[in-house]
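Remarks on the overall topology
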Amino acid sequence: MGNVVGTVVVLLLFNLGVIALLRPLVADPLVLRFHAPYLVACVLLVAGALLSARTLGRGFGLVLVGLYVV
């Protein structure tokens, strides 16, 4: 769980912060309408699954691979 949340926190806060210090960022409307909500939904799905189950099996792995393909 720490890896999932930590990766997102580092990506969003540190990496985007450093990039914004070097050059202003402009968010494409597609990012705001699709990618950002998709990222939040995936993080919540994985965090919820890890909180509710001790192990994640092949079925959940298949779901995650499917989400990656999307």
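Everything that follows concerns the structure shown earlier in this document.
What comes next is a walk through the structure. No experiment lies behind these values; they were computed from the predicted model shown.

1. Looking at the overall build of the protein
- In terms of regular secondary structure, the protein is built from 3 helices and 0 strands.
- Starting at the N terminus, the α and β elements of the protein follow one another as α-α-α.
- Here the C-alpha radius of gyration of the protein, 15 Å, is well above what a compact globule of 70 residues would show, namely 11 Å.
- Along the longest, intermediate and shortest principal axes, the C-alpha atoms of the protein span 40 × 25 × 15 Å.
- Considering the protein as a whole, with its 70 residues, one finds that 9% of them fall into the buried category.

2. Some details on the environment of Leu-21
- Residue placement: Leu-21 occurs in helix α1 (residues 2–22).
- Under the relative-accessibility criterion, Leu-21 is labelled exposed at 74%.
- In the structure, Leu-21 is positioned 37 residues away from Arg-58 in sequence and 42 Å away in space, judged by C-alpha atoms.

3. A look at the layout of surface pockets
- The calculated volume of the largest pocket comes to roughly 160 Å³.
- For the largest pocket, the full set of lining residues is Leu-12, Leu-16, Leu-25, Val-26, Ala-27, Val-31, Leu-32, Ala-36 and Leu-39.
- Breaking the lining of the largest pocket down by element, the ones donating at least two residues are α1 and α2 (29–52).
- No other element matches the 4 residues that α2 contributes to the lining of the largest pocket.

4. Thoughts on a nonpolar patch on the surface
- A cluster of nonpolar side chains, Val-5, Val-9, Leu-11, Leu-12, Leu-13, Leu-16, Ile-19 and Leu-25, forms an exposed patch at the surface whose accessible area comes to about 660 Å².
- You can call Leu-16 partly exposed: its relative accessible area is 34%.

5. Remarks on the packing of α2 against helix α3 (residues 58–69)
- Contact geometry of α2 with α3 gives a least axis separation of 12 Å together with a crossing angle of 170 degrees. Considering the angle they form, α2 stands roughly antiparallel to α3. For the pair formed by α2 and α3, the contact residues are Tyr-38, Cys-42, Leu-45, Val-46 and Ala-49 on the first element and Phe-60, Val-63, Leu-64, Leu-67 and Tyr-68 on the second.
- By residue class, the composition of the contact of α2 with α3 is 10 nonpolar, no polar and no charged.

Each value, and the rule that gives it
The residue numbers shown here count from 1 along each chain, following its written sequence. Whole-chain, interface and lining totals are the exception, using all residues; otherwise, since this is a predicted model, local features are given only for residues with pLDDT of at least 70 and side-chain atom pairs are given and counted only at 80 or more. Hydrogen atoms and water are omitted, and side-chain values are computed over all heavy atoms in the structure. Only DSSP runs of H or I with at least four residues qualify as helices, and only runs of E with at least two residues qualify as strands; both kinds are numbered from the N terminus onward. With the radius of gyration taken over C-alpha atoms, the globule rule is written as 2.2 Å times the number of residues to the power 0.38. Buried residues are those whose accessible area, probed at 1.4 Å on protein chains only, stays under 20% of the maximum for their type, while exposed residues exceed 50% and partly exposed ones sit between those limits. The pocket and cavity definitions rest on a 1 Å grid over protein atoms only: a 1.4 Å probe that fits but cannot leave marks a cavity, an open set with protein on both sides within 12 Å along at least five of seven lines marks a pocket, and residues lining either have an atom within 4 Å of a point. Grid points are joined across faces, edges and corners, and a volume is the space filled by probe spheres set on the points. For patches, a residue must show more than 30% relative accessible area and have no salt bridge; joins then use 9 Å for like charges and 5 Å for nonpolar side chains, namely Val, Leu, Ile, Met, Phe, Trp and Tyr. The accessible surface values rely on the Shrake-Rupley method and a 1.4 Å probe; as for residues, cover is taken only from the protein chains in view. By convention in these notes, a salt bridge is any Lys or Arg side-chain nitrogen within 4 Å of a carboxyl oxygen on Asp or Glu. Interaxial angles span 0 to 180 degrees and are taken between N-to-C directions of axes, which are lines fitted to C-alpha atoms, for helices over the stretch in contact. Working definition: roughly parallel below 35 degrees, roughly antiparallel above 145 degrees, roughly perpendicular at 65 to 115 degrees, and oblique for all remaining angles. The contact rule is simple, with two residues in contact once any of their heavy atoms fall within 4.5 Å. Amino acids are sorted into nonpolar (Ala, Val, Leu, Ile, Met, Phe, Trp, Tyr, Cys and Pro), charged (Asp, Glu, Lys and Arg) and polar (every other residue, Gly among them).

None of the figures reported here should be taken as evidence of function without further support.
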